[in-house]
Amino acid sequence: MSIRVRYAPSPTGKQHIGGIRTALFDYFFARANNGTFILRIEDTDRERFHKDALQDIYDSFHWLGITWDEGPDKGGPFGPYLQSMRKDLYQNYALELIEKGAAYYCYCTPERLDSLRNEQQKRKKGETGYDRHCRDLTETERKSLEEKGTAKVIRLKIPLEGEVLFHDELLGDIKTMNKDINPDPVLLKSDGFPTYHLAHVVDDHLMEITHILRAQEWLSSAPLHILMFQAFGWKLPKFYHLPLVLGNDGHKLAKRHGSTSITEFREKGYLPEAIMNYVSLLGWSYDDSRVFFSKEDLEQLFSLEKLNKAPAVFDFKKLEWFNGQYIRKKSGKEIISLVKPYLKKAGFIHEPATEEEEKIIKGMIPLIHERLHVLSDVTELAGFLFHDPVLKDKNEFIPKRLDREKTLQVLEACAALLSDFDSRTDTENEESFRNKALELQVKLGDFLLPLRIALTGSRVSPPLFESIRLLGVEKTKERVKQALSFLSQE
RNA sequence: GUCUCCUUCGUCUAGUGGUCAGGACACCGGGUUUUCAUCCCGGCAGCAGGGGUUCGACUCCCCUAGGAGAUGCCA
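Residues numbered from 1 in each chain as written. Chains lettered and ligands numbered in written order. Predicted model: local features only at pLDDT ≥ 70, side-chain atom pairs only at ≥ 80, totals over all residues. Heavy atoms only, no water.

1. Here we look at the overall build of chain A
Applicable threshold: Secondary structure elements follow DSSP: runs of H or I of four or more residues count as helices, runs of E of two or more count as strands, with numbering from the N terminus. To get the radius of gyration, use the C-alpha atoms; to get the globule rule, take the number of residues to the power 0.38 and multiply by 2.2 Å. Any residue under 20% of the maximum accessible area for its type is buried, any over 50% is exposed, and the rest in between are partly exposed; the area is computed with a 1.4 Å probe on protein chains only. Should any heavy atoms of two residues lie within 4.5 Å, those residues are considered in contact. Residue exposure ignores everything except the shown protein chains as possible cover, and the areas themselves are Shrake-Rupley values with a 1.4 Å probe. Charged-residue counts in this description rest on Lys and Arg as positive and Asp and Glu as negative, His and the chain ends being excluded. One atom stands in for each charge, and that atom is NZ of Lys, CZ of Arg, CG of Asp or CD of Glu.
When you go through chain A residue by residue, the secondary structure sums to 20 helices and 11 strands. Taking 2.2 N^0.38 as the reference for a compact globule, 490 residues should give roughly 23 Å; the C-alpha atoms of chain A span a radius of gyration of 32 Å, well beyond that estimate. With the C-alpha coordinates of chain A rotated into their principal frame, the extents come out at 105 × 50 × 40 Å. Across the 490 residues in chain A, those meeting the buried criterion constitute 49%. Partitioning the contacts of chain A with sequence separation of at least 6, the portion at a separation of at least 24 is 74%. Carbon and sulfur atoms provide 49% of the accessible area of chain A, an area that totals close to 24500 Å². With 71 positive and 75 negative side-chain charges, chain A shows a spacing of 2 Å between the two charge centroids.

2. Structural notes on the protein's contact with RNA strand B
The test is simple: Each residue is tested against the molecule or strand, and it is near if at least one of its non-hydrogen atoms lies within 4 Å. Residues adjacent in sequence count toward polar contacts only when both atoms are side-chain atoms; beyond that, a polar contact is any pair of N or O atoms within 3.5 Å, and within protein one must be able to donate a hydrogen and the other to accept it. Polar here means any residue other than Ala, Val, Leu, Ile, Met, Phe, Trp, Tyr, Cys and Pro, which are nonpolar, and Asp, Glu, Lys and Arg, which are charged; Gly is therefore polar.
Close to RNA strand B lie 70 residues, the nearest being Lys189, Gly283, Glu370, Arg371 and Ser461. Interatomic distance of 2.7 Å between a side-chain N/O atom of Lys189 and a phosphate oxygen of RNA strand B. At the level of elements, α4 (110-123), β4 (153-156), β11 (312-313), α11 (316-329), α17 (426-439), α18 (444-456) and α19 (464-471) are the ones that each hand at least two residues to the surface near RNA strand B. Of the residues in the surface near RNA strand B, the class split is 25 nonpolar, 19 polar and 26 charged.

3. Quick look at the domain arrangement of chain A
In many reports, interface size means the accessible area that the parts give up when they come together. Selection rule: The domain limits used here are those given by an automatic or database domain assignment.
Domain boundaries in chain A define domain 1 (4-81 + 246-313), domain 2 (84-242), domain 3 (330-385) and domain 4 (394-488). When each unit is reduced to the centre of its C-alpha atoms, the spacing between domain 2 and domain 4 is 73 Å.

4. Quick notes on the sheet that holds strand β3 (residues 103-106)
As a reminder, the rule being used: By this definition, two strands are paired if DSSP reports at least two bridges between them. Only C-alpha atoms enter the line fits that serve as axes; for helices the fit covers just the stretch in contact. Angles between N-to-C directions range over 0 to 180 degrees.
Strands sit in the order β3-β4-β7 across an open sheet of 3 strands; the sheet is antiparallel. Strands at the two margins of the open sheet, each flanked by one partner only, are β3 and β7 (186-188). Taken pair by pair, the neighbouring strands of this sheet meet at an average axis angle of 45°, ignoring direction. The sheet contact formed by β3 and β4 spans 4 bridges and is antiparallel. When the sheet's bridge partners are listed, Ala103 is paired in β4 with Leu156.

5. Observations concerning the layout of surface pockets
Put simply, the rule reads: Think of a 1 Å grid over the protein atoms and nothing else: a 1.4 Å probe that fits but is trapped marks a cavity, an open set flanked by protein within 12 Å on at least five of seven lines marks a pocket, and residues with an atom within 4 Å of a point count as lining. Grid points are joined across faces, edges and corners, and a volume is the space filled by probe spheres set on the points.
Estimates place the volume of the second largest pocket at around 330 Å³. Lining of the second largest pocket is provided by 15 residues; of these, Glu380, Thr456, Gly457, Ser458 and Val460 occupy positions nearest its centre. A breakdown of the residues in the lining of the second largest pocket according to their chemical character gives 6 nonpolar, 7 polar and 2 charged. Looking at which domains feed residues into the lining of the second largest pocket, each of domain 3 (330-385) and domain 4 (394-488) supplies at least three.

6. Some words on the side chain of Thr176
Within the secondary structure, Thr176 sits in strand β6 (residues 172-177). Residue Thr176 is classed as buried on the basis of its relative accessible area of 16%. Setting aside its immediate chain neighbours within four residues, Thr176 contacts Glu163, Val164, Ile181 and Pro223.

7. A look at the packing of helix α16 (residues 404-418) against α18
Counted only if it meets this: Throughout this description, any angle smaller than 35 degrees is read as roughly parallel, any larger than 145 degrees as roughly antiparallel, any in the 65 to 115 degree range as roughly perpendicular, and the remainder as oblique.
Put simply, α16 and α18 touch, their axes get as near as 9 Å, and they point 75° apart. Classified by the angle between their axes, α16 and α18 sit roughly perpendicular to one another. Packed against α16, whose contacting residues are Thr407, Val410, Leu411, Ala413, Cys414, Leu417 and Leu418, the element α18 presents Phe447, Pro450 and Leu451 at the interface. Class assignment for the residues of the contact of α16 with α18 results in 9 nonpolar, 1 polar and no charged.

8. A look at the nonpolar core
So the rule is basically this: Remark: nonpolar core denotes a set of buried residues (Ala, Val, Leu, Ile, Met, Phe, Trp, Tyr, Cys) joined through side-chain atoms within 4.5 Å.
Within the largest apolar cluster, 108 residues are counted, with the highest numbers of intra-cluster contacts made by Phe61, Met364, Phe386, Phe433 and Phe447. Of all the elements, helix α1 (residues 17-32) adds the most residues to this core, at 9 residues. Non-local contacts of Phe61, meaning those with residues more than four positions away in its chain, are made with Tyr7, Gln15, Ile20, Ala23, Phe37, Leu39, Ile66 and Trp68. Counting 36 residues, the second-largest nonpolar core is a separate cluster that includes Leu97, Ile158, Ile181 and Val201.

9. Details of the pairing of strand β2 (residues 36-39)
We apply this condition: By convention a crossover is right-handed if, when the strands point away from the viewer, the path from the first strand over the helix to the second runs clockwise.
Side chains of β2 alternate between two faces, with Thr36 and Ile38 and Phe37 and Leu39 buried alike. Of the pairings in the sheet, the one linking strand β1 (residues 4-7) to β2 comprises 4 bridges and is parallel in character. Directly across from Val5, in β2, lies its bridge partner Phe37. A crossover connection joins β1 to the parallel β2 through α1; in handedness this β-α-β unit is right-handed.

10. Some details on the pattern of salt bridges
Where side chains of opposite charge bring their charged atoms close, a pairing between them can arise. Test applied: A pairing counts as a salt bridge when a side-chain nitrogen of Lys or Arg comes within 4 Å of a carboxyl oxygen of Asp or Glu.
Tallied over the full model, the rule gives 33 salt bridges. Between Lys152 and Glu146 there is a salt bridge, and its shortest N-O distance comes to 2.9 Å. Lys152 sits in the partly exposed class, given a relative accessible area of 28%. One salt bridge connects Arg290 with Asp297, and the closest N-O pair in it is separated by 3.0 Å. Residue class for Arg290 comes out partly exposed when judged on its relative accessible area of 32%.

11. Considering unusual backbone geometry
Here the bond from Gly79 into Pro80 is cis, since omega is -5°, no more than 30 degrees from zero. In this fold, Pro80 is placed in the loop between α2 (51-64) and α3 (87-99). Residues Glu351 and Pro352 are joined by a peptide bond in cis, for which omega reads -5°. The topology assignment puts Pro352 in the loop between α12 (332-345) and α13 (355-368). One non-glycine residue, Asn34, adopts positive backbone phi at about 55°. By relative accessible area, Asn34 is classed as exposed at 71%. Its identity as a non-glycine residue notwithstanding, Gln441 has a phi of 60°, on the positive side. The residue Gln441 is located in the loop between α17 and α18 in this model.

If you want it as structure tokens, here you go:
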């Protein structure tokens, strides 16, 4: 039987690292086994639904280059793939469960449920969850509630005794006493929409899903899902509860850990290759040493056997390292087009860029390429090529081993050296500067520092001589002049 | 509180009874160098604890501890 897997996000917020990791595993597993990858949108929570979130799912996937074989926009033999369009279907299945005695109507108001929960929390001990108030309503009680038009939901009737035993392909056999299962969870909400529990079981069956890969946060409700599969008399898919991705505080990854949504990573200048590579290594590995994997590699190499059970902490530093690696693999040409949007956004260049701007960009790439960790670093690194530096701290100019007088002297010497800068090669220039530094009894690094700051506004910059050539000697001279007067101010 | 899952360097991980416990990021040194970055070389650092099983346990079993998740008319 051919493999069919699905990624089933709910459009309630931006796609985060955790969800994408699951999606990637689904996708790679399908590709590596000539299976089918399905995208199903679980938009059954009408209150939390966001149109932008739906778009974000598509955007994130397109950007990463993940394609699906069946989905809302693509169609397929088991559609529609938008759960809100399958509403009636779920109602029928919920009714079927009632007929089978596996579910029942509940007329409890949200208010009653709230106060119930409050009391339970106050008590701290003992029972939690629904008290099964409506489970054994008599027919007459039910009828009178119906006549009053009380809103109702459908709840799953969890057996009071016994246990559920199921096998997780990753975690092994898992046994749960029925009394420990969430007491009678809601299947069909009062607005007629199903909850996740009902919807995914119905759809996974109808869509002939063979493997369910989902995060471990679902593990505790898995027994209840098993119960439903059994009540319907359906064949069980294989379950893989994937380890969670945690933030550096050890908790489930969430907004508070900074920007962990894919679109935010994208905006900061992370490459899809880097994200894909890094995220794939969260809870999965290939062998004892290989770390670089392209999408194509993963589409072939990925296997469920190499999955890890323990949760993984998301490490921004390592992602950044991967990103730097992938940036360095790009050609200069690629970097140019990758970096341009950031220059535009910063207001450094026009749209489209002028000829002069193009020239500068082309020239600066070799200088900044290997200094880039994320693409947005470009504005910091190359800003001085597009605007004069802001001089704000005199002490910045003064090297540790020098004082202000000496620094002024050094800067004057640099200005003098600059006059026939263009007539010399870089090697010759270096020699002249070196000689002058020697003459003034200053280390070359110290000698060049004030000039570097005059030019770029920072102690850290791309190589000096190349930078001077790029910006032009005339402009450099002006900046040195400004620096000189700034530094001589009392 | 209760239930469930998890536990190898700070982090991601390899390891499936006999290894000097391997790799990567981070970190710390050193080298290259006009700063930074890159690059190269080197280093620090781990089997949570306790019992078993076994000739032999990181590997198997039990207990303890710690962590996480769930406990919603959210997914």
